[in-house]
Amino acid sequence: MKKYFRIFEATLNDKLQYLGELLSKFFGFTLMVFIFVNLWKHIYEDPNEIINGYTFNMMLWYVLIGEAYYTVMKNRDLTRGIKEDIVFGNIAYKINKPYFYPFYCVAQYFGNIMLKVITSVFVATTLGLLLIGKLETFSLKTIPFAFIVIVFAFLINIFLRIAISVSSFYIEDPEPFLWVLDKFLLVFGTVFPIEMYSNTIQTIIKFTPIYTIVYGPTKLLVDFDFEIFKSVLVAQIIQLAVIVIICCFVYRKGEKKVNVNGG
Amino acid sequence: MKAVEVKNLSKSFKTRIKEKGLKGSLKSLVKSEYEIKKAVNDITFDVEEGEIVAFLGPNGAGKSTTIKMLTGILERDEGDIKIMGIDPSTDRKKLAKSIGTVFGQKEQLWTHLTPYDNFKFFGSIYDVPDDEVEERIKEFNELFELDDIMNTPVRNLSLGQRIRCEIIASLIHKPKILFLDEPTIGLDPIVKDKIRYLIKKMNKEYNLTIFLTSHDIGDIQKLCERIIIINNGEIVTDDSMMEIRRKYFTKKIIKLRTNCEVDFVAKEGIDILKREEEYLKLSLDLKCLNVTDIFHLIPENEISDISVSDVSLESVIKEIYQSN
């Protein structure tokens, strides 16, 4: 475990060198939030109106937290790195070390996002308080529960992305799949809560990572409900187990295909 | 104990072949054709503990594929490999802790970290206790003279300094074997000598087995006791340096400067490599003649300067490559 912590630490150390670059990424985030806040202001003609269980204040905070999640989660640097490792053969120099490459990527992922998480909590809270005001339904007591589902959400997210990225062993470019994943997460779980969709779509979404990665943690922070917490957590445990197995299977099979020429 | 045991090792690669042009591309969409290329073909060799072995071959000969199978990167098709008694394909993690690898063209260090942080990092990766890592860093610091650069980020180091750090990082877990793939590539002659001196010293002090590939003849001459040459996936030579000298260094190069233009005619055992007015460069076959025989062919009083040297190892290796 210590070795993975060291990988996390080294990656975090690396990210500290590029703090300016990180802060610039939040410019886009701020712009997106500003657009959606104004969009929802138009949809909610009456601020006291409740649409599909969401008050105006809850909806704006949902979009804000969801957008912050989305910004942190997508982490293209890591998935692109995995793809390049495989396509250009650099993976050869990583698989002869005494660690398991997918876990190495998980440690790197957490090192990559740690600063982003801290910055996004700060930026999102400040923006929310300035543009929306206090989240009316928020309670500090829900934080430990939300924290559990957030950790699971991050794990599902990264193992899913690693599983897609290591498919580079078989297909030349996994980027289109990652693009589709990002867009699904954005449209179905981030900018609109799933309650905005028809019952059929909601049922389908509940069986997908959208429910466990974005919707679950965001919904629980905005409007905590113990029943939803249980439902999200059970779904997360099942999904994480399945995705980790798939990820390790795809990697183990692909590892045997390593083909390094030259040198 | 044998450090490396390789028996009947083979590896093939399947590559897609495509006819040229757009027509070929469209055709390959419908029907893909593959070609099987045997990169390594039934090779067998051993390396004793503490030996320094050069593993040579022209580009595409199969040396890189072999090293990658030995270090657990590539899966073999057939044959057996044992590295310090460990099978790389079944126990890769255990193997990783017994070997060190330095690939001259691939950086393993984290460039934003200092050498000290990198060594600590690699120590943890290999599960070496912290106090042992500290001790080794201290030891290597003295040996490799890293005091001035220990706290400088790797990205700010020169290539020679980086290679020194790469070697230390690969030795931090005290491996029994070090695989070096072109360790001196791109370095200037002084730094090359320094790296070779350090490699030799590590071999002597720690009885470290060294398996080296290099296109630099200096590396081979100054470091290796034995040479294995691979070509077209097969081992064509596996001899000690002494044996190589005995077998292949059968010619001497003689450079002569004369007082006047001499009428020299080549005879059996002598080839004229270069002839200018008062200068001759000859290759003399020791199987036919002795070096002193030259004085029977050119009168001593006509020679103003003479030098006798061996043929270069480079040309011997080139000859072996070409003869196969």
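A brief structural summary. This one's a predicted model, so the numbers in the text were calculated from it and none came from an experiment.

Moving on: the overall build of chain B. Tallying secondary structure elements over chain B gives 11 helices and 13 strands in all. Here the C-alpha coordinates of chain B stretch approximately 70 × 60 × 45 Å along the principal axes. Buried residues in chain B amount to 51% of all 324 residues. Across chain B, the fraction of contacts at a sequence separation of at least 24, relative to all contacts at a separation of at least 6, is 70%. Here chain B has roughly 16000 Å² of accessible surface; of this, 46% comes from carbon and sulfur atoms. Mean positive and mean negative side-chain charge positions of chain B (50 and 56 charges, respectively) differ by 6 Å.

All right, on to the interface of chain A and chain B then. Taken together, the contact between chain A and chain B spans 27 residues of the former and 28 residues of the latter. Summing both sides of the interface, chain A and chain B together bury roughly 2600 Å²; the carbon and sulfur share of this comes to 57%. Three residues, Tyr93, Asn96 and Pro98 of chain A, lead the burial of chain A against chain B; their summed loss comes to 24% of the area buried on that side. Put simply, chain A and chain B have 4 salt bridges between them. Arg6 of chain A is the partner of Asp130 of chain B in a salt bridge, and the nearest nitrogen-oxygen pair spans 3.9 Å. At the level of secondary structure, the elements contributing two or more residues to the side of chain A that touches chain B comprise α1 (2–16) and α5 (101–131) of chain A. It is α1 of chain A that contributes the most residues to the side of chain A that touches chain B, 8 residues altogether. Tallied by class, residues from the side of chain A that touches chain B come to 10 nonpolar, 10 polar and 7 charged.

With that out of the way, let us pick up the environment of Ser214 of chain B. Residue and element names in this part refer to chain B. As for its placement among the helices and strands, Ser214 is situated in the loop between β7 (209–213) and α8 (217–223). Spatially, the C-alpha atom of Ser214 lies 25 Å from that of Trp110, the residues being 104 residues apart in sequence. Here Ser214 is in contact with Phe55, Leu56, Glu182, Asp219 and Ile220, once residues within four sequence places are set aside. In terms of polar contacts, Ser214 uses its side chain to reach the backbone amide nitrogen of Asp216, at 2.9 Å. Side chain to side chain, Ser214 and Asp219 meet in a polar contact 2.7 Å long.

Moving on, we get to helix α2 (residues 63–70) of chain B. Each α-helix turn comprises 3.6 residues. Residues three or four places apart therefore point the same way. α2 of chain B sits mainly inside the fold: 8 of its 8 residues count as buried. Among the residues trailing α2 of chain B, Gly72 of chain B stands out with phi positive, at a value near 80°.

In this section: the side chain of Gln239 of chain A. All names here are of chain A. As for its position among the elements, Gln239 is in helix α10 (residues 226–255). A residue is classified by how much of its surface remains accessible, and Gln239, at 11% relative accessible area, is buried. Among all residues touching Gln239, those that are not within four sequence positions of it are Ile156, Phe207, Thr208, Pro209 and Thr212.

The subject of this paragraph is the pattern of salt bridges. Residue and element names in this part refer to chain B. Scanning the model with the defined rule gives 35 salt bridges over all chains in all. Here Lys97 makes a salt bridge to Asp127, at a shortest N to O gap of 2.6 Å. Of this pair, Lys97 sits in helix α3 (residues 92–98) while Asp127 sits in the loop between α4 (115–125) and α5 (130–144), placing them 30 residues apart in sequence. With relative accessibility at 42%, the residue Asp127 sits in the partly exposed group. Across the pair Asp130 and Lys120 runs a salt bridge, and its minimum N-O distance is 3.9 Å. Separated by 10 residues along the polypeptide, Asp130 in helix α5 and Lys120 in helix α4 bring together distant segments of the chain. Residue Asp130 is classed as partly exposed on the basis of its relative accessible area of 32%.

Calculation notes
Residues numbered from 1 in each chain as written. Chains lettered and ligands numbered in written order. Predicted model: local features only at pLDDT ≥ 70, side-chain atom pairs only at ≥ 80, totals over all residues. Heavy atoms only, no water. Helix = DSSP H or I, 4+ residues; strand = E, 2+ residues; numbered from the N terminus. Buried < 20%, exposed > 50% of the residue type's maximum accessible area, 1.4 Å probe, protein only. Contact = heavy atoms within 4.5 Å. Areas by Shrake-Rupley, 256 points an atom, 1.4 Å probe, with all protein chains shown as cover. Lys, Arg positive; Asp, Glu negative; His and termini not counted. Charge placed at Lys NZ, Arg CZ, Asp CG, Glu CD. Buried area = accessible area lost by both parts, 1.4 Å probe. Salt bridge = Lys/Arg side-chain N within 4 Å of Asp/Glu carboxyl O. Nonpolar A, V, L, I, M, F, W, Y, C, P; charged D, E, K, R; others polar. Polar contact = N/O pair within 3.5 Å; in protein donor to acceptor, adjacent residues only side chain to side chain.

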